[in-house]
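Understanding the architecture of this molecule
The primary structure of each chain is shown beneath.
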Amino acid sequence: MSERHRLRSLLRLAYMNGVVPMRTQPLYLLSVLASPLSFLFFVTIASGGVLLLYGIAGGMVLTVLSIGTSLQTDMSHYRSDLKFQDVIVASPVEAPIYVAGFALSELIYSIPGLAVFIVLWAINAPVTLMAGLTIVGVLFIVWGFSSALGFTLATYFADVRETFVFSSLVSLGLSVLPPVYYPITSIPATFRWLAYLSPTTYAAFLLQGAFGLKSVPLSDGLVDWGVLIAASVALLVIAGLKARWRDP
Amino acid sequence: MPLAVEARALSKTYTHSGKSTVALANVDLAIPTGRVYGLIGRNGAGKTTFVRIGATQLAPTSGTISVLGHDVMTETREVRTHIAAVPQESRPLYFLNVDELVYLYLTIRGMDPRDARRRTNAILDELGLASVRKSLVNHLSGGMRRRAMVAMVLASDAEVLFLDEPTTGLDPLARREVWAAIRRAIGDGRTVLLTTHYLDEAEALSSRLALLEGGQVRLEGSPAEIRDRVRQPYRIVVSGVLGRADLEPYGTVSSVEGGYLVFAKESPARELAQLALSKGAKVSLGPVTLEDIFLQVVGRAIDSDDAGEAEA
Ligand SMILES: Nc1ncnc2c1ncn2[C@@H]1O[C@H](COP(=O)(O)OP(=O)(O)O)[C@@H](O)[C@H]1O
Ligand SMILES: [Mg+2]
């Protein structure tokens, strides 16, 4: 395939799995918003409104993180139940195009959900170019990270039901427990090191900085970006190594 | 002109947690271009394994297989530009409508959008799917869904099409609709590798057949050649007057509804028919069916299942 054909393949796959379902299954769009919004709701109510912005930052991270979960279930479903992956294997489409097309489709599908949080952010925090760029950059990297994770997990499970069990554990470990929805200072000092194990902690730090919730010295900011990018690259490499286009 | 598919000493052994299953054992097959080639066999015979290796979805354990002269393992990229497949038990994406299913498949394969539009319209018209083009795939009958899957690969520019049991589970009418679609494919010189365990289907569509059993090719050739190669190419059904003992000298006897079925060579078949007529029994004589051949070669009917052997 030429570059132009590759791009066409990728965009059509993204359209097929990202845009068409919005038309035929619009209710699913609401389900994407359900957990991020309910966490935001609880955090805000329980803190008497103090943690509203933390909840918005957390909602953004969780929405993009759930892309990985959707990718994982879609890829398992398309491979095992529909045999669609085998249809595509027996065609000129290459594996990275297939995966990237699906990852992009999940991003497209989450845009309405993200828009809700971006509007909430614009209403409740000072909007600056720097903050906007930080949000886009952080969410972009979290997208790469969660897609790679979702894809890698999808290669381990043949059955979609198994992946459901696992994906809720993953989202618990990456978005509920780490300080994504609340400040890290709420965690008792002895357990705080645990939070630093999750890459999403760094994404939340950067967003919290962009929202003006904490001051981030340049050196800390660079570390946060560095860890986030390194974790994503590592996961993408693992995903690339795990990719199995032809069964052994 | 290279062969559409050529397998040499192709073998596949699946290994799972220490347990291994031989699915293909030294299979040699030469599948010419431009026709429907039927791969027949019972559940577990190795049909899907063969098709998946040829369609670049599964790696063989040993041996080679090439598509249009390109080795599937070393020239995979080249092979993939020439093939399309409808995998066994594959289902179309339920949230698409029929038109999108075909059109998106073509553009995902890299086809120019204008070509894809033209070919989509043409195939939907030809296969009688035009009236349901805007219906969600989910709302179609099983036969229509299968037809939509076949339409998808037929509309592509692939020259070798792998169809793995495209009619299993369909009612007779729906099966015939899919047959018509398949016949249409070879109209323009393409090759279809069709697997089935319906022998009438294999016979109706294929110009050559291979009979697979236990991962090995047991018979291969055109339907006529296959008949010539059978030991007892005639079937005689006798009812009334004559008993099993009267029939046994003439050939292989089995009981059927209301009488006996005898497989026999030509002259004993003739003698038996005359005997039966002279005694006033009802008799019919004809060439063996593919079903009979299967029974003779494999020793049991094609739709019999081994106990405990699930469909893979
Ligand atoms: N993925 C697999 N793992 C282990 N054994 C398999 C697998 N796929 C098929 N088999 C076994 O290989 C043999 C051939 O199967 P298959 O090629 O599916 O036959 P058919 O398509 O003719 O029904 C069967 O014994 C089947 O149980
Ligand atoms: Mg099969």
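These numbers were taken from a predicted model, which means no experiment stands behind them. (Residues numbered from 1 in each chain as written. Chains lettered and ligands numbered in written order. Predicted model: local features only at pLDDT ≥ 70, side-chain atom pairs only at ≥ 80, totals over all residues. Heavy atoms only, no water.)

1. Considerations on the overall build of chain B
Put simply, the rule is: Going along the chain from the N terminus, every DSSP run of H or I of four or more residues is numbered as a helix, and every run of E of two or more is numbered as a strand. When accessible area is computed with a 1.4 Å probe and restricted to protein chains, residues below 20% of their type maximum are described as buried, those above 50% as exposed, and intermediate ones as partly exposed. Residue contacts are counted whenever heavy atoms from the two residues lie within 4.5 Å of one another. For accessible areas, the Shrake-Rupley method is used with a probe of radius 1.4 Å. Any residue's cover is judged against the shown protein chains and nothing else.
Helices and strands together make up the secondary structure of chain B, namely 11 helices and 14 strands. Dimensions along the principal axes, computed over C-alpha positions, put chain B at roughly 70 × 45 × 40 Å. Taking all 312 residues of chain B together, the buried fraction comes to 53%. At a minimum sequence separation of 6, the contacts of chain B that also span at least 24 residues come to 67%. Just so you have it, chain B exposes about 13200 Å², and 50% of that area is on carbon and sulfur atoms.

2. Here's the deal with the coordination of the magnesium ion (ligand 2)
All names here are of chain B. This is how it is decided: Metal donors were taken as nitrogen, oxygen and sulfur atoms no farther than 2.8 Å from the ion, or 3.2 Å where the ion is Na, K or Ca. Water is excluded, so coordination may look unfinished.
Within the protein, T48 (OG1) and Q88 (OE1) serve as the donor atoms for the magnesium ion (ligand 2), at 1.9 to 2.3 Å. Of this pair, T48 sits in helix α1 (residues 47-54) while Q88 is found in the loop between β6 (83-86) and α3 (98-108), placing the two residues 40 residues apart along the sequence. A relative accessible area of 22% places T48 in the partly exposed class.

3. Topic: the sheet that holds strand β5 (residues 70-71) of chain B
Residues and elements named next belong to chain B. Applicable threshold: Note: two strands are recorded as paired if DSSP finds a minimum of 2 bridges between them.
Pairing in this open sheet of 4 strands is antiparallel, and the strands run β2-β1-β4-β5 from one edge to the other. Across the chains shown, the open sheet's two edge strands, defined by having one partner strand only, are β2 (19-31) and β5. In this structure, strand β1 (residues 5-16) lies alongside β2, joined through 9 bridges in antiparallel fashion. The partner of V5 across the bridge, within β2, is I31.

4. Examining the pattern of salt bridges
Residues and elements named next belong to chain B. Formally: Each salt bridge in this description consists of a side-chain nitrogen of Lys or Arg and a carboxyl oxygen of Asp or Glu lying within 4 Å of one another.
Evaluation of the coordinates by the stated rule reveals 21 salt bridges over all chains. Residue E225 is joined to R208 by a salt bridge in which the shortest nitrogen-to-oxygen separation is 3.7 Å. Linking E225 in helix α8 (residues 223-229) with R208 in strand β9 (residues 208-213), this pair joins segments that are 17 residues apart in sequence. We classify E225 as partly exposed; its relative accessible area is 33%. By relative accessible area, R208 is classed as partly exposed at 22%. For R235, the salt bridge identified is with D292, shortest N-O distance 2.4 Å. Taken together, the positions of R235 in strand β11 (residues 234-239) and D292 in helix α11 (residues 290-298) put the pair 57 residues apart, joining distant regions of the chain. What makes R235 partly exposed here is its relative accessible area of 23%.

5. Topic: the nonpolar core
We apply this condition: We call a set of buried Ala, Val, Leu, Ile, Met, Phe, Trp, Tyr and Cys residues a nonpolar core when their side-chain atoms join them within 4.5 Å.
M16, M60, Y78, F84, Y98 and F211 of chain A are the most contacted members of the largest nonpolar core, which has 114 residues in total. Once residues within four sequence positions are removed from consideration, F84 of chain A is found in contact with L13, M16, Y78, Y98 and F102 of chain A together with L93 of chain B. Of all hydrophobic cores here, the second largest spans 29 residues; its members include A4, L29, L58 and I83 of chain B.

6. As for α1 of chain B
All names here are of chain B. Of all 8 residues that make up α1, 7 are buried, and the element is covered over most of its length. Along α1, the positions that sit buried rather than exposed are K47, T49, F50, V51, R52, I53 and G54. Immediately downstream of α1, the backbone of T56 shows phi near 65 degrees, a positive value.

7. Re the packing of aromatic side chains
All names here are of chain A. As a reminder, the rule being used: Here a pair means two rings of Phe, Tyr or Trp (six-membered ring of Trp) with centres within 6.5 Å. Their orientation is stacked below 30 degrees between planes, edge-to-face above 60, and tilted elsewhere.
One pass over the full model with this rule turns up 12 aromatic pairs over all chains. Ring centres 4.8 Å apart and planes at 55 degrees place the aromatic pair Y98 and F102 in the tilted group. Of this pair, Y98 and F102 both sit in helix α5 (residues 95-124), 4 residues apart, roughly one helical turn. What makes Y98 buried here is its relative accessible area of 1%.

8. Remarks on the sheet that holds strand β7 (residues 160-164) of chain B
Residue and element names in this part refer to chain B. Quick note on the threshold: Axis lines are fitted to C-alpha atoms, over the contacting stretch for helices. Their N-to-C directions set the angle, which ranges from 0 to 180 degrees.
Strands sit in the order β6-β7-β8-β3-β9-β10 across an open sheet of 6 strands; the sheet is mixed. Each end of this open sheet is capped by a strand with a single partner; those strands are β6 and β10 (216-221). Sheet twist, expressed as the mean angle between neighbouring strand axes with direction ignored, is 15 degrees. Sheet topology places strand β3 (residues 36-40) next to β9; 4 bridges connect them, and they run parallel. Bridging across to β9, I40 finds its partner in L211. With respect to the sheet, helix α6 (residues 172-186) is in contact with β3, β7 and β8 (191-196), its orientation differing from that of β8 by roughly 150 degrees.

9. Some thoughts on a nonpolar patch on the surface
We apply this condition: Like-charged residues within 9 Å of one another, or nonpolar side chains (Val, Leu, Ile, Met, Phe, Trp, Tyr) within 5 Å, are grouped into patches, provided each residue has over 30% relative accessible area and no salt bridge.
Together, V165, F166, L169, L172 and L177 of chain A make up a nonpolar patch on the protein surface, roughly 470 Å² of accessible area in all. When its relative accessible area of 55% is taken as the criterion, V165 of chain A is described as exposed.

10. Topic: the interface of chain B and chain A
Test applied: The buried area of a pairing is the accessible area, by a 1.4 Å probe, that goes missing from both parts when the two are put together, added over both. Identification of polar contacts relies on pairs of N or O atoms within 3.5 Å, with a donor-acceptor requirement for protein atoms, meaning one able to donate a hydrogen and the other able to accept it, and with residues adjacent in sequence counted only if both atoms are side-chain atoms. Amino acids are sorted into nonpolar (Ala, Val, Leu, Ile, Met, Phe, Trp, Tyr, Cys and Pro), charged (Asp, Glu, Lys and Arg) and polar (every other residue, Gly among them).
Of the residues lining the interface, 41 residues belong to chain B; the matching set on chain A comes to 34 residues. Summing both sides of the interface, chain B and chain A together bury roughly 3100 Å²; the carbon and sulfur share of this comes to 59%. Counting the surface chain B buries against chain A, the share from its top three residues, R80, F95 and I108 of chain B, is 23%. Seen at the junction of chain B and chain A, the total is 5 salt bridges. Remark: the boundary between chain B and chain A carries 18 residue pairs in polar contact (both at pLDDT 80 or more). Sorting the residues of the side of chain B that touches chain A by element identifies α2 (76-82), β6, α3 and α5 (142-155) of chain B as the ones contributing at least two each. Residue composition of the side of chain B that touches chain A, by class: 23 nonpolar, 9 polar and 9 charged.

11. Let's talk about the domain arrangement of chain B
To keep it simple, the criterion reads: Domain segmentation is taken from an automatic or database assignment of domains.
Taken domain by domain, chain B consists of domain 1 (5-227) and domain 2 (231-287). A straight line from the C-alpha centre of domain 1 of chain B to that of domain 2 of chain B covers 40 Å.

12. Side note on the layout of surface pockets
Residue and element names in this part refer to chain A. For clarity, the cut-off: Here a cavity denotes grid points, spaced 1 Å and computed from the protein atoms alone, that fit a 1.4 Å probe unable to get out, and a pocket denotes an open set having protein on both sides within 12 Å along at least 5 of 7 lines; residues with an atom within 4 Å of a point are the lining. Grid points are joined across faces, edges and corners, and a volume is the space filled by probe spheres set on the points.
Within this model, the second largest pocket holds a volume of roughly 880 Å³. In terms of lining, the second largest pocket is formed by 39 residues, of which the most central are S66, T69, S70, T73 and D74. Counting only elements with at least two residues in the lining of the second largest pocket, the list comes to α1 (3-24), α2 (27-46), α3 (52-81), α5, α6 (129-156) and α7 (160-176). If one sorts the elements of the lining of the second largest pocket by residue count, α3 sits on top with 12 residues.

13. Let's talk about the environment of R35 of chain B
All names here are of chain B. Relative to the helices and strands, R35 resides in the loop between β2 and β3. Separated by 31 residues in sequence, R35 and A4 place their C-alpha atoms 9.5 Å apart. Contacts of R35, omitting those with residues within four sequence positions, involve I186, R190, T191, V192 and S207.

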